[in-house]
Amino acid sequence: MKINNKHFFWKGLFKGAVLAVCLGLLGACGQSSTGTTASKNGDKHVHFLYNFSTNSLDPHVDSSYVPLRAGITETLVRLDEKKLTIAPWLAKSWEGEDGQNWTIHLRENITFQNGRKMDANAVKASLERALKESKAVQNALKISSIEADGYTLHITNTEPFPEFISELVNPNVSIIDVTEKDIVNKPVGTGPFTLTSFVPGSKLDLERYDDYWDGASKLDSVTFSFNEDANARSLALQSGQVDIVYRPEVESLETLQAEPHIKVESTETFRVHQMTMNMQRESLKDVHVRRAVDALIDRQEIVDTILLGYGEVAEGPFLPSLPFAPKYEKQPQSGSEAAVQYLQKAGYTLKDGKMQKDGKPLQFTLLTYSARADLPLIAQVFQSDAKRIGIDVKIQQIEIPEEYMASNRDWDLATYSNLTAPRGDAGYYLNATYHPKGALNFSGAEEPELTKIIDKLNQTVGQKERAVLAEQAADYVHDNAINSFVLHPSTIVAYNNEKVKNWVTTRSEYYMITNQLDVK
């Protein structure tokens, strides 16, 4: 099914409404993203504008990962994005031949930004706090005990868990000084920048940490601000209010690229836009209904018209280039006719313009959020297509999707964007999204066969064997339409190329404000 003019109407209506608000309230739209890009007292300064806001900087529970992205905190290991392998960071090496008992050797001569030494006791205290504060971290790390000895950690898992070290890449396992009193508003980490002020939902002010272990930054200070409006972010860069914009509005890219001082970078990421299905809702317990939802999604048209080609149609959760991505030789039928056929198998008929079963019309509540500007547009396209076959879709805007979907079950579908391989491995996504104990299992999936595959994956060491199991799990999700995968969006960053030096657009979306970032 092709997207007709109605879809462009929705797109124009949404953009027009945003633009009207921004122009009418320019000061308000720019307030969280303003502040001059000029140097502060002659200092070397960069202003970075991000698309998600946060009211908490507690790295152990903050789902926006701002402390790590802003260069305040670091983890024991990090992802080498070129090799897709785990690389040392605060830890210099590790051993764990049996996959359950680990010895981690920390780098010495590292201090927190308050001058306190980062030794094994400090790291142990940070890990234990993360385990205490976050059930998701507990489930991810499977730690039964931690012992500290100088600059060496001895960690035992509750069960053999060969991929334990890769889980330490998780920003929610950032190492902080837990003796500090106000971790929510002023965490103290080991990164190249120390926090000087934080206005919740608005911005952070950072300054260089001169004693940073990996070489002090050439920048004196950084402003890391938030604005969830993509159009406002683009305007802020054009007007010179900011230096770097994360995910500018796609439709503004041609205008931005025409500016001689602005550079636009685009890279594929380990991310997928998906239609999350609440399998605890009565209608969606039927696989035929879920397949009908999947069939209604016109992926290529969405990539072409909403992302303007800055993305790739998704066949499953993983980029096809990843070694554990299945090869889907036969795709399910798609389009409105296919959707109607699936619904007929589920017992639905179109009567008086309404798709219904036993006299009850089929209706969906569809969640979306504006921090990713393309998701509300995808929701509107789906709403329009569903209406054409007699399905009423009510779109509900939410602010923090993880919080809402975890605590509310009064919804059917959600446009959601998920990192699927940020550690360079399939285990993170499969555990978080489909294991019954997964922190991102918003669909409420409890599939014994799928859980068995994931549990086996967790205890498997060999990469080839792990890839086979990951493919089996992804195939199960695909065959049973537990969620629908729409597209893999490109990460787009625009910045002042006449000022900013050494910016790197990463695929993991973790590492942003680094000690290498500089100005010309």
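Presented here is an overview of the structure given in this document. Just so we're clear, the structure is a prediction, and the values are computed from it rather than from any experiment.

This brings us to the environment of G462. Within the fold, G462 resides in the loop between helix 15 (448-458) and helix 16 (463-479). Look at G462 and you get partly exposed, because its relative accessible area is 27%.

The antiparallel open sheet is built from three strands, whose spatial order is 15-16-17. Edge positions in the sheet fall to strand 15 (349-351) and strand 17 (360-361), since each has one partner strand and no second. Taken together, the three bridges between strand 15 and strand 16 (residues 354-357) define a ladder with antiparallel strand orientation. For L350, the partnering residue across the bridge sits in strand 16 and is M355.

So, on to the pattern of salt bridges. Taken as a whole and judged by the stated rule, the model has 18 salt bridges. Where R129 meets D58, a salt bridge forms, and the shortest distance between an N and an O atom there is 2.8 Å. Highlighted residues: R129 in helix 4 (residues 120-133) and D58 in the loop between strand 1 (45-50) and helix 3 (66-69), separated in sequence by 71 residues. Judged by relative accessible area, which is 17%, R129 ranks as buried. The closest approach of N and O atoms between R281 and D412, which form a salt bridge, is 2.9 Å.

What follows is about the nonpolar core. Among the nonpolar cores identified, the biggest contains 144 residues, and F164, L204, F224, F382, I391, L430 and W503 are the most heavily contacted of them. Among residues more than four places away in sequence, those in contact with I391 are L296, L343, M355, L362, F364 and A386. Formed by twelve residues, the second largest nonpolar core is a distinct cluster that contains A236, V245, I262 and V264.

Let us look at helix 4. The end-to-end C-alpha distance of helix 4 is 20 Å, a good match for the 20 Å that 14 residues give at a rise of 1.5 Å each. Buried within helix 4 we find A120, A122, V123, S126, L127, R129, A130 and L131. If you follow the buried residues of helix 4, they end up packed against strand 5 (101-106), helix 5 (135-141), strand 6 (143-149) and strand 7 (152-157).

Parameters at a glance
Residues numbered from 1 in each chain as written. Predicted model: local features only at pLDDT ≥ 70, side-chain atom pairs only at ≥ 80, totals over all residues. Heavy atoms only, no water. Helix = DSSP H or I, 4+ residues; strand = E, 2+ residues; numbered from the N terminus. Buried < 20%, exposed > 50% of the residue type's maximum accessible area, 1.4 Å probe, protein only. Pairing = 2+ DSSP bridges. Salt bridge = Lys/Arg side-chain N within 4 Å of Asp/Glu carboxyl O. Core = buried A, V, L, I, M, F, W, Y, C linked by side-chain atoms within 4.5 Å. Contact = heavy atoms within 4.5 Å. Expected span 1.5 Å × (residues − 1).

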